[in-house]
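Structural description and commentary
The lines below spell out each chain.
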Amino acid sequence: MPAMSAVVPPSSGETQLPRSLIAGSLSIIGVSFVALAWSSQSGLGMLWDEKVDLGIASRLLEHPIYGSGEDGSQMRLPMLANAIVFTASGPGLGVSRGVSIAVGLVTILATFGLCRRLLDGPTALLAAALTALGPYFLSFSRIAMTEGDVFAALFVTLACWAYANYSDRPNGPRLALASIGLGLAIGAKLYSLFLIPVFGLCELIRARVRRNADRRRSRGDATPGTAAWGWVIAASSCLTLGAASAGLAQGHRTTASIAVWGLLLGLTAGVLISLARRGEWHPSRSAGWVLIGMLGLAVTGAAMPQHIVNPEIARTIARRAAHWDHLFPGALWLDHLRLYSGIVLICGTVPVGLATVTALIWAWMREGDRPEVRLPIFAATFFVLSLTLLPLRQTFYLMSIWPLLMILTAGWLVTIRRWLGKQSRTAGVAGTALIVVVVGLQAASTVHAWPDYNLYARRWVGTRWLGAEARGYRNLVQTPCDGYAELVDWCLENAPRGGRVVSYLWADHVLDGLLPDGLPFTLVRRGVWRAANLGLPVPAPPGIDDADVVLIHINNQVEYDDMPPADVLSARFGGAAAFTVYRDGDFPMAMAYRVR
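This report concerns the structure included in the present document.

The rules behind each value
- Residues numbered from 1 in each chain as written.
- Predicted model: local features only at pLDDT ≥ 70, side-chain atom pairs only at ≥ 80, totals over all residues.
- Heavy atoms only, no water.
- Helix = DSSP H or I, 4+ residues; strand = E, 2+ residues; numbered from the N terminus.
- Buried < 20%, exposed > 50% of the residue type's maximum accessible area, 1.4 Å probe, protein only.
- Contact = heavy atoms within 4.5 Å.
- Salt bridge = Lys/Arg side-chain N within 4 Å of Asp/Glu carboxyl O.
- Patch = residues over 30% accessible without salt bridge, like charges linked within 9 Å, V, L, I, M, F, W, Y side chains within 5 Å.
- Areas by Shrake-Rupley, 256 points an atom, 1.4 Å probe, with all protein chains shown as cover.
- Phe/Tyr/Trp six-rings, centres within 6.5 Å; stacked < 30°, edge-to-face > 60°.
- Axes fitted to C-alpha atoms, helices over the stretch in contact; angles between N-to-C directions.
- Parallel < 35°, antiparallel > 145°, perpendicular 65-115°, else oblique.
- Left-handed = near helix turned anticlockwise from the far one by under 90°.
- Nonpolar A, V, L, I, M, F, W, Y, C, P; charged D, E, K, R; others polar.

Quick look at the side chain of Ser 192
- Structurally, Ser 192 is set in the loop between α8 (172-188) and α9 (195-213).
- Residue class for Ser 192 comes out buried when judged on its relative accessible area of 1%.
- When sequence neighbours within four positions are dropped, the list of residues in contact with Ser 192 reads Val 156, Leu 182, Ala 185 and Ile 186.

Below, the structure written as structure tokens:
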């Protein structure tokens, strides 16, 4: 007898829709998403992390096993996926953004699949539409690699889908799929570790439900249970040895570390194959969950050897964990909540945001008698609360759970529609009209915000307080290093030959990728990027008393608080920019001041 699920009721039915209607609707949603995302990315300048991640992916082409230790705190799955594509197309920012958009499209399909698994077909179509047509998801799914975290959105959704299937009917193949999904989610973003306690909590509820329904234990449970715990011990030992060998290595590939990775790869593949070939299996309350967690971690290391054989990655993660950016966990929890609540309320469009906030309250109130919402509400809540403990807050972090939020939103809207339909035909029509209005307003707002989806929230909050409570990219109104290319082109044509150009732009590595050899002027850099790489304090700003041109980005004004002296800027340059890069119509993104 299959175990009863804590995620999906075994008797839950689905509102049937014709396959042709489902396929046609998903096609329209997918084509709309791809068109909006691809057309909007072409005018977006290279971003901070895109430059770094492109370098990491390119070096993976040269050393697929060892890779690069640069920016070691970032997991390597997105870079590996891009490196594989690069083998056919060659490296390029446009190619990498195309990969992200393709991953975003698959994420929309996965959102449909998970929602259909938890709820039903109409709700799944609505969840897919809400995901695809929101400015937030469009903004970050068009960005290359880890900067957008669209890989995390995909694999967190797939991991939850695989776990929902396992919870409904535990067996070896489904446990293997849940482990692979978890491992790839962690490989996309380390914070996906949050899924392990979420799955554990759902497993405790599943065990309680099962205990009340069926106390029997199959005699075949003992063998796989023993094998599972034996493998857990073996995997733990391999991971420990891998970390030790990586720590001993001095920046070079070593036979020992590669051998450990090979052993882990062989063990992981063997266990997954063994589970996939096994039929019915009902593990004990803790064994299945622990095995999913351990196998997930093993899949991460086996699929991405860089995390095992490259010592710099392990050192970087260890340093970040030890120093915690010199803050104690939770020190900035209020700023975190302010940012993430603003994203939920505004960045998917305000009508959808209001529905999402209401859906979160509804899901918590109904979790006890609506187990189908348990997994997404547990995951969303635990993830956001975990984020408040981190020393950094990033706007794109919520991408990991954005599909889950849209599933809850769609579930609440459809629930309201069906409740109204039971009251009267007129009320049912009103409920349908409500959903149409919400989706229609979202679509209209998204089209109107094209192509600057990252600036959508400024129309509601501006760039102060809620719109600029953090630094760098970490704000509600995203002002990345877009506009650098236009500044460089303008300087090459308008800066005096032999003159002094002072750059206040922080992302020197992005600037370097745009500058040609043999500049006709002297460029004085802000120096923040180099200092950050060397672990040095932010250097003092360069003087502008004898500058012919000064380059400034909106980040200097509303985020970094790093502007040139206002009196000198006014006296020498007249206080008005000679050239301005505008985004979202009238929003000044980058400015060049030229001496009068």
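Once you've had a look at it, read on.
Some details on the pattern of salt bridges
- Here the structure, examined in full by the defined rule, presents 17 salt bridges.
- With a shortest N-O distance of 2.6 Å, Arg 418 and Asp 120 are connected by a salt bridge. You can see Arg 418 sitting in helix α18 (residues 402-423) and its partner Asp 120 sitting in the loop between α4 (93-118) and α5 (121-132), a full 298 residues away along the chain.
- Here Arg 418 falls in the partly exposed class, since its relative accessible area comes to 33%.

Some details on a nonpolar patch on the surface
- Together, Leu 345, Leu 354, Val 357, Ile 361 and Met 365 give the surface a local cluster of nonpolar side chains, amounting to about 470 Å² of exposed area.
- Looking at which element gives the most residues to the nonpolar patch, the answer is helix α16 (residues 350-366), with 4 residues.
- The topology assignment puts Ile 361 in helix α16.

A word on the packing of aromatic side chains
- On inspection of all chains with the given rule, the structure shows 11 aromatic pairs.
- Ring geometry for Trp 364 and Phe 378: centres 5.6 Å apart, planes at 35°, overall tilted. Here Trp 364 is found in helix α16, whereas its partner Phe 378 is found in helix α17 (residues 374-387), with 14 residues between them in sequence.
- Accessibility expressed as a relative area gives 42% for Trp 364, which makes it partly exposed.
- Ring centres of Phe 396 and Tyr 397 lie 5.8 Å apart, and the angle between their planes is 85°; this geometry places the pair in the edge-to-face category. Both residues of the pair, Phe 396 and Tyr 397, belong to the buried class.

Focus: the packing of α16 against α18
- Where α16 meets α18, the closest approach of the two axes is 8 Å, and the angle between their N-to-C directions is 85°. Here α18 runs roughly perpendicular to α16, going by the angle between their axes. Contacts between α16 and α18 pair Val 352, Ala 355, Thr 356, Thr 358, Ala 359, Leu 360, Trp 362 and Ala 363 from the former with Leu 405, Met 406, Leu 408, Thr 409, Gly 411, Trp 412, Leu 413 and Thr 415 from the latter.

Here's the deal with the packing of α5 against helix α19 (residues 425-449)
- Put simply, α5 and α19 touch, their axes get as near as 10 Å, and they point 25° apart. Between α5 and α19, the angle falls in the class roughly parallel. Seen along the crossing, α5 lies across α19 with a hand that is left-handed. Contacts between α5 and α19 involve Leu 126, Ala 129 and Leu 130 from the former and Ile 435, Val 439 and Gln 442 from the latter.
- Class assignment of the residues belonging to the contact of α5 with α19 gives a composition of 5 nonpolar, 1 polar and no charged.

Just geometry here; none of it tells us what the structure is for.
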